[in-house]
Amino acid sequence: MDLTRPTKIAKPIISTIYTADPSAVVGQDGVLYIYASHDMDPPAGCDRMDRYHIFSTVDMVHFRDEGEILRSDDVPWGRPEGGFMWAPDCGFKNGKYYFYYPHPTDSHWNDSWVFGVAVSDHPHKDFRDIGYVKMADGAKVGGWCMIDPCIFTDDDGVTYFYFGGGAMPRGCRLQEDMLTVDGDVYEMEGLHDFHEAAWVFKRNGIYYMTYSDNLEGNNRLCYATSQSPLGPWDYKGIYLAPTGCDTSHGSVVEYKGHWYAFYHNCSISGRGNLRSVCVDELFFEGNGDIRLVEQTATPCAAVDAPPVRDARTKTYTAPLCEEHGVRYTKVEGFGGRAQLHIAHGERAHTRVRLVVNAVDWSYINLLPDETARFTVPLKAGCTNTVELRWCDGKADITALTVEPIE
């Protein structure tokens, strides 16, 4: 099999906005959460990546947008111009969720990467920035090309932190505060052709590290194994062939008795800086080796009953049509987050700009035979206004359904 070019292109599971670099984590509530980066549309290279969203599922078929949890404006120590909110991860320790994200501290972005940390009592909301990862002496952890954080807590409760780009894989232990390195930072030895995107998990007593390689224009995901969380590592091979996107970044997780490979491609946009998250089931050989993942255009099999919509969900079918879009007024909210379901009759990919209560949430995609979904905060009462402004020409908007999720 030729593993230097894509053979099959998967259908993304998240399509309303562009997302990449998925870190899949099972929360303490039994829900699977996807912590992904957000490719803002229109892009400017990868400079405008910002506004992290979280997605969740209980059945591996339906994926809910939990809404935005953090943007560069929320980071007081960050790059003054914002942007550059790249691949994140999230871990649980001592009753709290810790969200890790790479972000520069200076306008000279590639020389000033550090790893921001935001904390919450919940896996999907109310995160607040608490600074960035440091050495015990207060020195910053990061620097040139130091991106892609991964957090892993072992069975004995010890937490490990992995990161690295530019062919420089690193790992260390963290102290109980989840902010301070415990001891030294080590180079991860034994990895073949490491580029970036480290991800660590454990199965049957064996530690696995997955990462992307350096195949130009068609990065692949590889893996290595070890008897120790900090290596040395034994390279095993490629488990995800090229996806049609120049970059590759993924995670591996067990959920409800099945293993899954999350990754991204650019099948919706055709552009490497407007990517989309995908998932396929992952299988192991009897000796623990990972089989090559089959990238599919079909959903994973359901592992549970589908989620039930909140009884307060309401559908609006008669928008005000205006020259530059449509507008729904007197939309009811309950003072919390609500997922907007936007039904349409478009037969080709088009975009609209979503504006809610005068807040611009940027472009969203309308794809044939798919309902667009995007979560926003709404005010209590019938006081909200939802606008869908034309971007690629007039769109055939047929209904707006508002589903409260808290």
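A brief look at the structure comes next. (Residues numbered from 1 in each chain as written. Predicted model: local features only at pLDDT ≥ 70, side-chain atom pairs only at ≥ 80, totals over all residues. Heavy atoms only, no water.)

## Re the overall build of the chain
Now for step 1: Broken down by element type, the chain carries zero helices and 28 strands.
Now for step 2: Computed over C-alpha atoms, the radius of gyration of the chain comes to 21 Å, within 12% of the 22 Å expected from 2.2 N^0.38 for 406 residues, which places it in the range of a compact globule.
Now for step 3: C-alpha extents for the chain along the principal axes are approximately 60 × 50 × 40 Å.
Now for step 4: Residues classed as buried in the chain amount to 57% of the 406 residues present.
Now for step 5: A separation of at least 24 residues holds for 58% of the contacts in the chain among residues at least 6 apart in sequence.
Now for step 6: Per element, the accessible surface of the chain, about 16300 Å² overall, is 47% carbon and sulfur. (Helix = DSSP H or I, 4+ residues; strand = E, 2+ residues; numbered from the N terminus. Rg over C-alpha atoms; globule rule 2.2 N^0.38 Å. Buried < 20%, exposed > 50% of the residue type's maximum accessible area, 1.4 Å probe, protein only. Contact = heavy atoms within 4.5 Å. Areas by Shrake-Rupley, 256 points an atom, 1.4 Å probe, with all protein chains shown as cover.)

## A few points about the sheet that holds strand 25 (residues 359-366)
Now for step 1: An order of 21-22-27-24-25 is seen for the five strands of this open sheet, with the pairing classed as antiparallel. Across the chains shown, the open sheet's two edge strands, defined by having one partner strand only, are strand 21 (320-322) and strand 25. Each strand axis lies, on average, 25 degrees off the axis of its neighbour in the sheet, ignoring direction.
Now for step 2: Here strand 21 pairs with strand 22 (residues 325-333) via three bridges, running antiparallel. Looking at the pairing, Cys321 lines up with Val326 of strand 22. (Pairing = 2+ DSSP bridges. Axes fitted to C-alpha atoms, helices over the stretch in contact; angles between N-to-C directions.)

## Let's talk about the sheet that holds strand 18 (residues 258-265)
Now for step 1: If you trace the three strands from one edge of the open sheet to the other, you get 17-18-19, paired in antiparallel fashion. Only two strands of the sheet have a single partner each, and these edge strands are strand 17 (251-255) and strand 19 (276-282). The mean inter-strand angle of the sheet, taken between neighbouring strand axes irrespective of direction, is 30 degrees.

## What to know about unusual backbone geometry
Now for step 1: Residue Pro42 is reached from Asp41 by a cis peptide bond, and omega for that bond is 5 degrees.
Now for step 2: Tracing the sequence through the fold places Pro42 in the loop between strand 2 (32-39) and strand 3 (52-57).
Now for step 3: One non-glycine residue, Met60, adopts positive backbone phi at about 70 degrees.
Now for step 4: On the secondary structure map, Met60 appears in the loop between strand 3 and strand 4 (64-70).

## Focus: the packing of aromatic side chains
Now for step 1: Counted under the stated rule, the structure contains 28 aromatic pairs.
Now for step 2: Judged by centre distance (6.1 Å) and plane angle (90 degrees), the ring pair of Phe152 and Tyr207 falls under edge-to-face. Residue Phe152 is located in strand 9 (residues 150-153), and its partner Tyr207 is located in strand 14 (residues 206-212); the two are separated by 55 residues in the primary sequence. In terms of burial, Phe152 and Tyr207 fall into one category: buried.
Now for step 3: Here the aromatic cluster, defined as three or more aromatic residues joined through ring pairs, consists of Tyr33, Tyr35, Tyr52, Trp77, Phe99, Tyr101, Phe127 and Tyr132. (Phe/Tyr/Trp six-rings, centres within 6.5 Å; stacked < 30°, edge-to-face > 60°.)

## Quick notes on the side chain of Ser37
Now for step 1: Relative to the assigned elements, Ser37 resides in strand 2.
Now for step 2: Looking at Ser37, its side chain comes within polar contact range of the side chain of Asp21, at 2.6 Å.
Now for step 3: Other than its neighbours up to four places away in sequence, Ser37 contacts Tyr18, Thr19, Ala20, Asp21, Met49, Tyr52, Met85, Trp86, Ala87 and Pro88. (Polar contact = N/O pair within 3.5 Å; in protein donor to acceptor, adjacent residues only side chain to side chain.)

## Regarding the pairing of strand 19
Now for step 1: With respect to burial, strand 19 is a largely interior element, six of its seven residues being buried.
Now for step 2: The sheet contact formed by strand 18 and strand 19 spans seven bridges and is antiparallel. Within strand 19, the residue paired with Ala261 across the bridge is Asp280.

## As for the pattern of salt bridges
Now for step 1: Applying the stated rule across the entire model yields 27 salt bridges.
Now for step 2: Between Glu370 and Lys11 there is a salt bridge, with the nearest N and O atoms lying 3.9 Å from each other. A residue pair is termed long-range when its members are at least 10 positions apart, and Glu370 in the loop between strand 25 and strand 26 (372-377) and Lys11 in the segment before strand 1 (18-26) qualify at 359 residues.
Now for step 3: Residue Lys11 is classed as partly exposed on the basis of its relative accessible area of 46%.
Now for step 4: For Lys96, the salt bridge is made with Asp121, and the minimal N-O distance between the two is 2.6 Å. With Lys96 in strand 6 (residues 96-104) and Asp121 in the loop between strand 7 (113-120) and strand 8 (128-132), this pair connects stretches of sequence that are 25 residues apart.
Now for step 5: When salt bridges with common partners are traced through the structure, they connect Arg64, Glu66, Lys125, Arg337 and Glu406 into a single cluster. (Salt bridge = Lys/Arg side-chain N within 4 Å of Asp/Glu carboxyl O.)

## With respect to the nonpolar core
Now for step 1: Ranked by size, the top nonpolar core spans 52 residues in total, and within it Phe99, Tyr162, Met209, Tyr239 and Leu282 carry the most contacts.
Now for step 2: In this structure, Leu282 is in contact with Tyr239, Val252, Trp259, Tyr260, Ala261, Ile290 and Val293, ignoring residues within four places of it in sequence. (Core = buried A, V, L, I, M, F, W, Y, C linked by side-chain atoms within 4.5 Å.)

## Observations concerning the environment of Cys150
Now for step 1: Mapped onto the elements, Cys150 comes out in strand 9.
Now for step 2: If we ignore the near neighbours within four places in the chain, the residues touching Cys150 are Asp89, Tyr160, Phe161, Tyr162, Ala198, Trp199 and Val200.

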